[in-house]
Amino acid sequence: MIAAILATIPAILTKAHKIMFISALFLCPVCGTENEIEVDPSAGSRQKLTEDCQTCCRPLILKIEISPDGDDADVEATPENE
Ligand SMILES: [Zn+2]
């Protein structure tokens, strides 16, 4: 019983945290597949991240620009070793 309650708490915290994130789509410049990332708007309106493509696993540099209303993010992806 106690174990079940403890297991539920982190799940609730994760869900609440996720609402703060913006989902953004970008096309992988290597294989052309659409990828989805979650952007944390509180980290700044312009961000630079490195993410692996979910399909071809190539590291990509993502330049992210959050819209002024904070609802949307623009993502520009370039291969890391270019
Ligand atoms: Zn790819």
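Further up the page is the structure itself.
To start, this report covers the structure provided alongside it.

As a further point, take the overall build of the protein. Broken down by element type, the protein carries one helix and five strands. Starting at the N terminus and ending at the C terminus, the protein contains elements arranged as α-β-β-β-β-β. By the burial criterion, 13% of the 82 residues in the protein qualify as buried. Sequence separation of at least 24 residues holds for 35% of the intrachain contacts in the protein that already meet a minimum separation of 6.

A few words now on unusual backbone geometry. Where the residue is not glycine, phi is negative for most of them; where a peptide bond is considered, it is trans in most cases. One non-glycine residue with positive phi stands out, namely C57, at about 65°. Residue position: C57 is located in the loop between strand 3 (46-52) and strand 4 (59-66).

This next bit is on the pairing of strand 2 (residues 34-39). With six bridges connecting them, strand 1 (residues 22-27) and strand 2 associate as antiparallel partners. Each bridged residue has a counterpart across the sheet, and for A24 the counterpart in strand 2 is I37.

Taken in spatial order, the three strands line up as 3-4-5 in an open sheet, and their pairing is antiparallel. Each edge of the sheet is formed by a strand with only one pairing partner; in this case those strands are strand 3 and strand 5 (73-79). When the angles between neighbouring strand axes are averaged without regard to direction, this sheet yields 25°. Examined bridge by bridge, strand 4 and strand 5 share seven bridges and lie antiparallel to one another. Of the residues in strand 5, the one forming a bridge with I64 is V75.

For the rest of this paragraph, the subject is the environment of E38. Here E38 shows up in strand 2. Sequence-wise, E38 and A24 are 14 residues apart; in three dimensions their C-alpha atoms are separated by 6.2 Å.

Rules of the game
- Residues numbered from 1 in each chain as written.
- Predicted model: local features only at pLDDT ≥ 70, side-chain atom pairs only at ≥ 80, totals over all residues.
- Helix = DSSP H or I, 4+ residues; strand = E, 2+ residues; numbered from the N terminus.
- Buried ≥ 20, exposed ≤ 12 C-beta atoms within 10 Å, placed from the backbone.
- Contact = placed C-beta atoms within 7 Å.
- Pairing = 2+ DSSP bridges.
- Axes fitted to C-alpha atoms, helices over the stretch in contact; angles between N-to-C directions.

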